[in-house]
Structures are given as C-alpha cells and as structure tokens.
Protein chains: 2
Amino acid sequence: MDMRKLVGRNFERLRKQKGFTQEKFSEASGFTQQYISGLERGRRNPTIVTLFELATTLGVSHIDLVLPDDDARSDRAKLSKKK
Amino acid sequence: MDMRKLVGRNFERLRKQKGFTQEKFSEASGFTQQYISGLERGRRNPTIVTLFELATTLGVSHIDLVLPDDDARSDRAKLSKKK
DNA sequence: TGGGAATACATACTATAGGAGATAAACCTC
DNA sequence: GAGGTTTATCTCCTATAGTATGTATTCCCA
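Residues numbered from 1 in each chain as written. Chains lettered and ligands numbered in written order. Predicted model: local features only at pLDDT ≥ 70, side-chain atom pairs only at ≥ 80, totals over all residues. Heavy atoms only, no water.

Visitor: Quick question: what am I supposed to make of the overall build of chain A here?
Guide: What chain A contains, in helices and strands, is four helices and two strands. Along its sequence from the N terminus, chain A presents helices and strands in the succession α-α-α-α-β-β. Split into buried and exposed, the 83 residues of chain A put 48% on the buried side. At a minimum sequence separation of 6, the contacts of chain A that also span at least 24 residues come to 48%. Within the structure as shown, chain A displays about 4,600 Å² of accessible surface, and the carbon and sulfur contribution to it stands at 46%. (Helix = DSSP H or I, 4+ residues; strand = E, 2+ residues; numbered from the N terminus. Buried < 20%, exposed > 50% of the residue type's maximum accessible area, 1.4 Å probe, protein only. Contact = heavy atoms within 4.5 Å. Areas by Shrake-Rupley, 256 points an atom, 1.4 Å probe, with all protein chains shown as cover.)

And the structure:
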C-alpha cells in the first residue's frame, strides 16, 4: 500500500480535470513544477500541510483517503468536492 | 486553518476512544511517545505515509479531512471507521 | 502528600521534504 | 523533422520530519 502513488495518481487526475498544466498549477500553488511532477509520479511524501495547500489550490474542500483492505488488489482514494 | 492542530486534536480523541495511552500507542505503532505527544499538541506536521501508519494502528481505514469554509470558525475533521 | 503513571519539554542527530535552476525527454502540431 | 509546450530528471541547498535519550511536569488516587 503506497500512499505516495495513491495520492499522486489521484492528484494528477484532479489536476487535469481542473484544466491545470503542471506549470499553471505550480504558479497557482507556489510549488515548483518539478515538485508537482515528482508528486504525481509517487516520488514525494507530502505533509498534511502540503496536502492541504494542494487541495486548496485545486478547489477541493474534502480530502477522503480510503485505505484499502489487505485483500483489495487496487488502491482507492477520493478527493471529493464539497457537498 | 492549522492542519497540525486539526489532526492532533482528532488523533488524541481517537487514541483515547481506542483505550491507548501514548506509551501503549507508541509501542504498537513504532513511533516514540514523545512524537505522539508533539503530534497531539499540533507541533508536528506528519507526512501522508506517517498519517497512514497512525490510522492503521488505530484500526481506522478511512481518513476524512474536511477543510472548513473560510467563514467557519472551528476546525472540523473526522477519522471514521470503515462502513 | 506522596508516589506511580501518563504526558510534555529539551537537545542532539539522521533522513528527507521542498526549493532553485538547468536540462532532458516526451508529446504535440505544422 | 522543426519548433513549441508539457512533463521528467538531475544536482545542490535549507528546513524540518522523525528518532533517541533524558528529564520535567501533570494527573491520579491511596
């Protein structure tokens, strides 16, 4: 269970949904494009403060981390919009 | 909006609900008692990997971070049990 | 009120989060 | 295949996450 990849994959999906390039997102969030790249590729282990800042820039208000059962083969996680 | 305090307060509540002392929890999780203390007092900024390990030790499978509206005065967050 | 259990504080240390800058590699579209 | 744009890789740097150890403090309760 690799939280880095779990967060990276879902972040990338949401970034694209929002129409951000890595560069545009880096300008909006203050993180470097290189950091965003590493994050999406599962090479970064963001802190909760960083996670909050990323979510805020994405316009996401609800971070929902579903930790898979051991017997579940695939990782699952959602970053869902406010109700 | 201080994610450290938000997580710290909710972690402390859940730890007590589960009947752990900081010392017992540190033995179960591999983190030091001192780290747990700092975490609960909002002086630590855990990474997502750390957050996952803490949740796993607590027997929590669903991490739900609700980011308050700007006009909401109080922090809110839930670490909820699996359905 | 004293003594053990639980929590907080202090200091020093190693590993890594995150930044800055340059560049490489893909990925278009013409 | 040239040229722009987007993403990935690399190196070096500082700040801090997390460990280890010791101790202080707070909280009980007999």
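Visitor: I tried to follow the relation of the copies chain A and chain B on my own but got confused; where do I start?
Guide: Both copies of the chain are related by a screw-like operation: a rotation about an axis and a shift along it. Rotating chain A by 180° and moving it 0.0 Å along the rotation axis overlays it on chain B with an RMSD of 0.0 Å. Such values leave the two copies arranged in the relation of a two-fold axis. Across chain A, the rotation axis passes nearest the C-alpha of Thr47(A), at a separation of 1.9 Å. (Least-squares fit on C-alpha atoms with pLDDT ≥ 70 in both.)

Visitor: Hey, could you run me through the protein's contact with DNA strand D in this one?
Guide: Taken together, 17 residues surround DNA strand D, and among them Gln22(A), Gln34(A), Gln34(B), Tyr35(B) and Thr50(B) come closest. What you see for DNA strand D is that sugar and phosphate hold 62% of its atoms within 4 Å of the protein. Taking Gln33(A), its side chain carries an N or O atom lying 3.0 Å from a base nitrogen of DNA strand D. One of the side-chain nitrogen or oxygen atoms of Arg44(B) is found 2.8 Å away from a base nitrogen of DNA strand D. When residues of the surface near DNA strand D are traced back to their parent elements, those giving at least two are helix H3 (33–40) of chain A together with helix H3 (33–40) of chain B. In terms of residue count, H3(A) provides more of the surface near DNA strand D than any other element does, three residues in total. (Near = heavy atom within 4 Å. Polar contact = N/O pair within 3.5 Å; in protein donor to acceptor, adjacent residues only side chain to side chain.)

Visitor: Teacher, can you tell me more about the side chain of Thr47(A) here?
Guide: Along the polypeptide, Thr47(A) turns up in the loop between H3 and helix H4 (48–58). One polar contact links Thr47(A) to Asn45(B), side chain to side chain, over a distance of 3.1 Å. Excluding residues that lie within four positions of it along the chain, Thr47(A) makes contacts with Asn45(B), Pro46(B) and Thr47(B).

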